[in-house]
Amino acid sequence: MKNNFKAVMIDLDGTLLTDDKKITDFSNQILQKLYDNGIKIIIATGRGLSRAKQLIEKLDFDKIILANNGAIIDSSSSIATDEDLKLESKVVDELSTLSEEYGIRPYFFVENKCALLIQDEDDKKNFVDSVGDIGEIMTVSERNLPIDDCVSMIMISAKNHILKIVDTIKTNPNITYHIHTKYFSKNIRMLEVQNVNTDKYKRAIHVLKHFGITSDEVVAIGDAHNDLEMVVNSGLGVAMKNSDDILKQNADIITQYTNEQDGLAKFLEELFELRDYE
């Protein structure tokens, strides 16, 4: 291994995971080799913590998880969280009211008592893939209002409705947002709203300072809009072959293969010269 990188930051869906949400044996082997050689492995995902842990159970080594785009940090090391990364309850209330005007039924990733708040009990089956266990899902009516521990608010609707909501919130200095197009038809968008300090890259740098690692020593690999900051600002920013166009346009390198073809693992194997490593 002849480069100076000390950490690898990896997205889950569309990057480490195959389309059926699996980690291949080859990907597992490559990441294990990196870990054995002292490389810090950071899993940076928009998913909630419990489901993220389930999806990476195969990785049998110490790793750092940045869940909900970094709003929640999970690590065996004692890393202080220096900021409150929850959305203000006032913002949640305002966005909930605005959503109702367009017939949108938002859902909320939260910190306390459960992982996910939804609108209707009958919808629980539709959110099973979002949590580690269906018991972590509650309805808004089961919780005491206001929702004051929200780390991520999600709205899915027609493109024009989402863009109108964005026009309303884009000047708010206390929030950040991502518009997701993957996995949706061309006229549907998913809007994710979070505290302005919630960002995969910002949180990763906060964590890596604990280990004396700088951004120049990080390889960041992703496939979607919420990976943009970490790909642009890390020492080496990598877009998967199956990435959104905006990520490809801003990355240093695009992998030769997709997430269905072990694109991540093949790239890391070559970058760190692991093929001949004994």
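For the structure itself, look to the data block above.
The following refers to the structure shown. (Residues numbered from 1 in each chain as written. Predicted model: local features only at pLDDT ≥ 70, side-chain atom pairs only at ≥ 80, totals over all residues. Heavy atoms only, no water.)

### Comments concerning the pattern of salt bridges
Then step 1. Per the stated rule, a full pass over the model turns up 14 salt bridges.
Then step 2. Close ionic contact of Asp74 with Lys53 constitutes a salt bridge, the shortest N to O distance being 3.4 Å. Residue Asp74 is located in strand 4 (residues 72-74), and its partner Lys53 is located in helix 3 (residues 49-55); the two are separated by 21 residues in the primary sequence.
Then step 3. Looking at Lys53, the relative accessible area reads 37%, which means it is partly exposed.
Then step 4. Between Lys170 and Asp167 there is a salt bridge, with its nearest N and O atoms 3.3 Å apart.
Then step 5. Looking at Lys170, the relative accessible area reads 48%, which means it is partly exposed.
Then step 6. Connected via shared salt-bridge partners are Asp13, Lys21, Arg47, Arg51 and Asp129. (Salt bridge = Lys/Arg side-chain N within 4 Å of Asp/Glu carboxyl O. Helix = DSSP H or I, 4+ residues; strand = E, 2+ residues; numbered from the N terminus. Buried < 20%, exposed > 50% of the residue type's maximum accessible area, 1.4 Å probe, protein only.)

### Side note on the pairing of strand 8 (residues 150-158)
Then step 1. Of all nine residues making up strand 8, seven are buried, and the element is well covered by its neighbours.
Then step 2. Note: strand 5 (residues 107-110) against strand 8, four bridges, orientation antiparallel. Residue Phe108 lies in a different strand from strand 8, and its bridge partner there is Met153.
Then step 3. Across six bridges, strand 8 lies against strand 10 (residues 188-195) in antiparallel orientation. Among the inter-strand pairings, Met155 is bridged to a residue of strand 10, identified as Leu191. (Pairing = 2+ DSSP bridges.)

### Some points on the side chain of Thr15
Then step 1. Along the polypeptide, Thr15 turns up in helix 1 (residues 12-16).
Then step 2. With residues near it in sequence (within four places) discarded, Thr15 still touches Ile10, Ile221, Gly222, Asp223, Met240, Asn259 and Leu264. (Contact = heavy atoms within 4.5 Å.)

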